[in-house]
Amino acid sequence: MSKTPTREITPLTGIPILIKDVICTQGIRTTCGSKMLEKFVPPYDATVIEKLKAQKAVIIGKTNMDEFAMGSSNEHSAFFPTHNPWDLSRVPGGSSGGSAVAVSTDECIYALGSDTGGSIRQPAGFCSVVGLKPTYGRVSRFGLVAFASSLDQIGPITKDVTDGALVMNAIAGHDNRDSTSVLYPVPDHTQQLLPDIKGLRIGIPREYFVEGMQEEVRVALESAISKLEELGAEIDWEVSLPYTKYALAVYYVLAPSEASANLARYDGVKYGFSEQDASNVIETTEKTRQVGFGPEVKRRIMLGTYALSAGYYDAYYVKAQKVRTLIKQEFEKAFEKYDALVTPTSPIVPFELGEKLEDPMQMYLSDVCTLPTNIAGIPAISIPAGFADKLPIGMQIMGKPFSEDMLLRIAFAYEQATEWYKRKPPL
Amino acid sequence: MVTNELHQLTIHEAHRLIKQRKISSVELTKSVLKRIAEIEGKVHACVTIVEDTYP
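It should be emphasised that the depicted structure is a prediction, and the values quoted were computed from it without experimental measurement.

Conventions and cut-offs
- Residues numbered from 1 in each chain as written.
- Chains lettered and ligands numbered in written order.
- Predicted model: local features only at pLDDT ≥ 70, side-chain atom pairs only at ≥ 80, totals over all residues.
- Helix = DSSP H or I, 4+ residues; strand = E, 2+ residues; numbered from the N terminus.
- Buried ≥ 20, exposed ≤ 12 C-beta atoms within 10 Å, placed from the backbone.
- Contact = placed C-beta atoms within 7 Å.
- Nonpolar A, V, L, I, M, F, W, Y, C, P; charged D, E, K, R; others polar.
- Pairing = 2+ DSSP bridges.

J.: Describe unusual backbone geometry, and please don't skip the residues or the numbers.
T.: Residues and elements named next belong to chain A. Cis geometry is adopted by the peptide bond preceding Ser95, which originates at Gly94 and carries an omega value of 10 degrees. Take Ser95: it is sitting in the loop between β2 (58-63) and α2 (97-104). Notably, Lys56 is not glycine yet its phi reads approximately 60 degrees, a positive angle. Residue classification places Lys56 among the partly exposed positions, given that 16 C-beta atoms sit within 10 Å. Phi at Lys390 takes a positive value of approximately 75 degrees, unusual for a residue other than glycine. By secondary structure assignment, the location of Lys390 is in the loop between β9 (380-388) and β10 (391-398).

J.: Go over α2 of chain A with me, naming the residues and quoting the values.
T.: Residues and elements named next belong to chain A. Among the eight residues of α2, eight are classified as buried, and the element is accordingly described as predominantly covered. Along α2, the residues classified as buried are Gly97, Gly98, Ser99, Ala100, Val101, Ala102, Val103 and Ser104. Asp106 sits one or two residues past α2 and shows a positive phi near 65 degrees.

J.: Summarise the interface of chain A and chain B; cite the residues concerned and give the values.
T.: How big an interface is tends to be reported as the loss of accessible area on association of its parts. Taken together, the contact between chain A and chain B spans 42 residues of the former and 30 residues of the latter. Counting residues per element, the ones that place at least two in the side of chain A that touches chain B are β1 (16-20), β2, α2 and α4 (161-171) of chain A. With six residues, β2 of chain A is the largest single contributor of residues to the side of chain A that touches chain B. Residues that form the side of chain A that touches chain B fall into these classes: 22 nonpolar, twelve polar and eight charged. By the bridge criterion, three bridges tie β2 of chain A to strand β1 (residues 46-49) of chain B in an arrangement that is antiparallel. Opposite Thr63 of chain A, over in β1 of chain B, you have Cys46 of chain B as the bridge partner.

The structure is reproduced here in structure tokens:
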């Protein structure tokens, strides 16, 4: 890691940031939105935190989230739900809802989130801020509390696209402590920020304009895509990615399977919450998990344990991995032809608090446009693309691996031409 | 320099002002903490605030 001399003023020096509470900060409580880690103070910094500190960034706190990043509304935080500043009766999205709200309301200058199936982009879309999920392996996961290790990435949530590029410059890169981080040169992500996308080929995959999509979202996206065309991009409206329809099912086999393995570490013995009212070790572990985990986390552990159990492993887990490869190959093929693919970030606008809490399937559908990129490991950005009766709508731009600078370039051109990002919530 | 709305700055705007010594990191951070104190009761975005660490 490069050392910054004390007096040098780097782009992040002295600027306050909030961190999603799933990223370990030495000496600062890191709860993951869970009772299990309510009093956990990490003895070390995540790599991204070390990198921010090397730039003399000012960490002012930790943001609320769905427990262990499992959720799409922040209602699964064990502590309290976060409210959407554009309409306080609605959810901010999740799981990085606290970070997205904090950025949109100026509670910080920028924030970090994490994204396993849309957890940066969906709340960024719901709160009208910029959220980038980097390529899998672009940013070190060392010190990121694991949910689904083959899908998780840390990324920036910012007020504009330029800031997203600046944060990527700071946090991207290989790390010996994360064996899945990739030794691939880090470009200056601000280099491509030119308001010029002439001749870029952009595909619109029709499967992302799903059944059940809200009409206002469709209208906003069509208008946003026309704007990209106006700016000189060559739009192909007739792209088809047929495997997209399996992405939700694949995700809800793979992510819970990995989660069930990762969360087995919370046994009431090593660290975190421990239920003392038990007569032996096994009872301690059982009671610790009964009390320490919330309902959504328990649901996913059970789903994952089931998918991994003998007799079902081949039918669910292995099959999902095979379809994962097909989805990945389908994207690879698309990116031979297109520089980027554009879709809605979510098919719906922010929903009412409590509206989808009793219906997990409806909740999962709010991530239907974002989770294919995690399955394929490719990068994607969500940027403000308009409003439906004062509720924000996000546009997602997806690209091939390590094309973050291309995504930022398209996002920047759109941002400069539309200025949706300048609107602030009425608080 | 209007200092009461510093929390509204982006990274690149704040960086330019800090570099030109028109604002300090302490002013910027105080502005953000004040904003948190004002609106956190409505939005509940934060789990932990660590203002004591940065005088």
